[in-house]
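Now for the letters of each chain:
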Amino acid sequence: MKHKNISIFIPHAGCPYQCAFCNQKVITAQEKLPHAEDVRKICSQALAEMKDISDTEIAFFGGSFTAIARDYMLELLEAAQEFIGEGKFSGIRISTRPDCISREILDILKSYHVTAIELGAQSMSNSVLKANRRGHTAEQVVKSANLIQHYGFSLGLQVMFGLYKSTWTDELETGWKIRDLKPDTVRIYPVVILKNTKLAEYYQSGYYQLFPLEEVIPFIGQQMEQYHEAGIKVIKCGLHASEFVESEMLGGYYHPAFRELCENHIYLHQINSLIVKAMMQNQKIPQVFAVRPDCISKATGQKKANLNWIEQHRHVRIKITGDENLDLYEVKSAEESVCI
Ligand code: SF4
């Protein structure tokens, strides 16, 4: 069953921080703050229009829900209450900063039927967090994540790939430290450098060098695979294709089909491993590979990129077929095979 959110965006009005990647002016100038009547309108409309409301949460997104003025936070939570329960939505999801979590806040959230909390961890390297002016530490991420789990909320962690001063080692460490926290979900946001941000200054003055995109995509694919193996759901990878991003970005890791490209690499890695294993054991090279039916195009790759890569590097023409008994990212060699 697919999880759904009724998203209500809370712009970061009055946020006391200035993270190096964030352009608050653009965000706050474009969005009006929603109030109780807006919450009621959005929720009643969704209830009336949605055919299937199972596993659907009201989601207050936009960054730092627990850092907004207390009266305003309570106004929004209060307005959502009449839409939660039997025959209605299953709960409330919020996103916030790791340093804006306390027992007092969690008690309030619990009493208002909040079920899931997403934390903007961004990186687990303190030097990277500092260089990007996040205003919190990796230790605060760990402390808040543990407290959220202790209270029984579903935990989501958001990470940013490729922040200023982050190295491949920082990225690897962030991956395993996030997996160690055992969140239920992860969102991976590869950095996009927006105009009028500190990152834009660093980038334009040549201090901020980006990794090549062709190395970033397989790396994030591998991270996604590791999260999947650890039982952690990657609910987002890459930014939504939008005119806003395309007109406001100066550089960074953006592609309208970012997630798809990373998943293509997961399948290429799996197929290649099976072929290399057969070669090492002097066995027949499989020619037909089965994947979950809705993943055939992911395994084939954009413009058959994976099939072409295998043909070029392993000298075998392969076919991809569907098998509904297989899990996401699972690949097995199907019957047909040829001798080496
Ligand atoms: S990303 Fe940073 S600066 Fe931007 S709204 Fe969130 S906490 Fe504030």
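Rules and cut-offs
Residues numbered from 1 in each chain as written. Predicted model: local features only at pLDDT ≥ 70, side-chain atom pairs only at ≥ 80, totals over all residues. Helix = DSSP H or I, 4+ residues; strand = E, 2+ residues; numbered from the N terminus. Rg over C-alpha atoms; globule rule 2.2 N^0.38 Å. Contact = placed C-beta atoms within 7 Å. Axes fitted to C-alpha atoms, helices over the stretch in contact; angles between N-to-C directions. Parallel < 35°, antiparallel > 145°, perpendicular 65-115°, else oblique. Left-handed = near helix turned anticlockwise from the far one by under 90°. Nonpolar A, V, L, I, M, F, W, Y, C, P; charged D, E, K, R; others polar. Pairing = 2+ DSSP bridges. Domains from an automatic or database assignment. Buried ≥ 20, exposed ≤ 12 C-beta atoms within 10 Å, placed from the backbone. Core = buried A, V, L, I, M, F, W, Y, C linked by C-beta atoms within 7 Å.

(A) The arrangement of the overall build of the protein chain in detail. The helix and strand tally for the protein chain stands at 13 helices and 14 strands. The C-alpha radius of gyration of the protein chain comes to 22 Å, within 12% of the 20 Å expected for a compact globule of 340 residues. By its C-alpha atoms, the protein chain is 70 × 55 × 35 Å across when sized along the principal axes. For the protein chain, the proportion of contacts with a sequence separation of at least 24, taken over those separated by at least 6, is 78%.

(B) Molecular detail of the packing of helix H7 (residues 168-180) against helix H9 (residues 213-229). Orientation of H7 relative to H9, taken along the N-to-C sense of each, is 15°, at an axis distance of 11 Å. Taken together, the axes of H7 and H9 lie roughly parallel to each other. Between H7 and H9 lies a crossing whose hand is right-handed. For the pair H7 and H9, the contacting residues are Glu 171, Gly 175 and Arg 179 in the first and Phe 219, Gln 223, Gln 226 and Tyr 227 in the second. Grouping the amino acids of the contact of H7 with H9 by side-chain chemistry returns two nonpolar, three polar and two charged.

(C) Molecular detail of the sheet that holds strand S4 (residues 114-122). Spatial ordering of the open sheet is given by S1-S2-S3-S4-S5-S6-S8, a layout of seven strands whose pairing is parallel. Only two strands of the sheet have a single partner each, and these edge strands are strand S1 (4-9) and strand S8 (233-237). Neighbour-to-neighbour, the strand axes of this sheet turn through a mean angle of 20°, independent of strand direction. Sheet topology note: the strand S5 (residues 154-161)/strand S6 (residues 185-190) ladder contains six bridges and is parallel. Paired with Met 160 across the strands is Tyr 189, a residue of S6. Its contacts with the sheet put H7 on S4, S5 and S6, and the angle it makes with S5 is roughly 175°.

(D) Inspection of the domain arrangement of the protein chain at higher detail. Once the domains are mapped, the protein chain shows domain 1 (4-256) and domain 2 (267-338). Each of domain 1 and domain 2 has a C-alpha centre, and the two are 35 Å apart.

(E) Focus on the sheet that holds strand S13 (residues 332-333). As summarised here, the arrangement of the three strands in space is S12-S11-S13, forming an open sheet in which the pairing is mixed. Two strands in the sheet have a free side with no partner beyond their single neighbour: strand S12 (319-322) and S13. Relative to S13, strand S11 (residues 288-291) is paired through two bridges, and the arrangement is antiparallel. Pairing of Phe 289 across the sheet is with Ser 333, part of S13.

(F) Inspection of unusual backbone geometry at higher detail. Of note, the phi angle at His 113 is positive, near 65°, even though the residue is not glycine. Backbone geometry places Lys 182, a non-glycine residue, at a positive phi of 55°. With respect to the element layout, Lys 182 can be found in the loop between H7 and S6. Using a count of 14 C-beta atoms within 10 Å as the deciding quantity, one classes Lys 182 as partly exposed.

(G) The nonpolar core, seen in detail. Judged by nonpolar contacts, the single largest core of 86 residues is most densely connected at Ala 80, Leu 157 and Ile 271. With eight residues, helix H11 (residues 258-280) is the single largest residue contributor to this core. Those residues in contact with Ala 80, other than ones at most four positions away along the chain, are Val 39, Cys 43, Ile 58 and Ile 92.

(H) Here's a closer look at the packing of helix H2 (residues 36-49) against helix H3 (residues 70-80). The N-to-C vectors of H2 and H3 enclose an angle of 30°; their axes lie 8 Å apart at closest approach. Between H2 and H3, the crossing angle belongs to the class labelled roughly parallel. Regarding H2 and H3, the two cross each other, and that crossing is right-handed. Taken together, the residues of H3 that come into contact with H2 (itself represented by Ala 36, Val 39, Arg 40 and Cys 43) are Glu 75, Leu 76, Glu 78, Ala 79 and Ala 80.

(I) Geometry of the environment of Val 245. Inspection of the secondary structure assignment puts Val 245 in helix H10 (residues 243-248). Its 15 C-beta neighbours within 10 Å are what place Val 245 among the partly exposed residues. Ignoring sequence-local partners within four residues, the contact set of Val 245 consists of Val 192, Leu 239 and Tyr 254.

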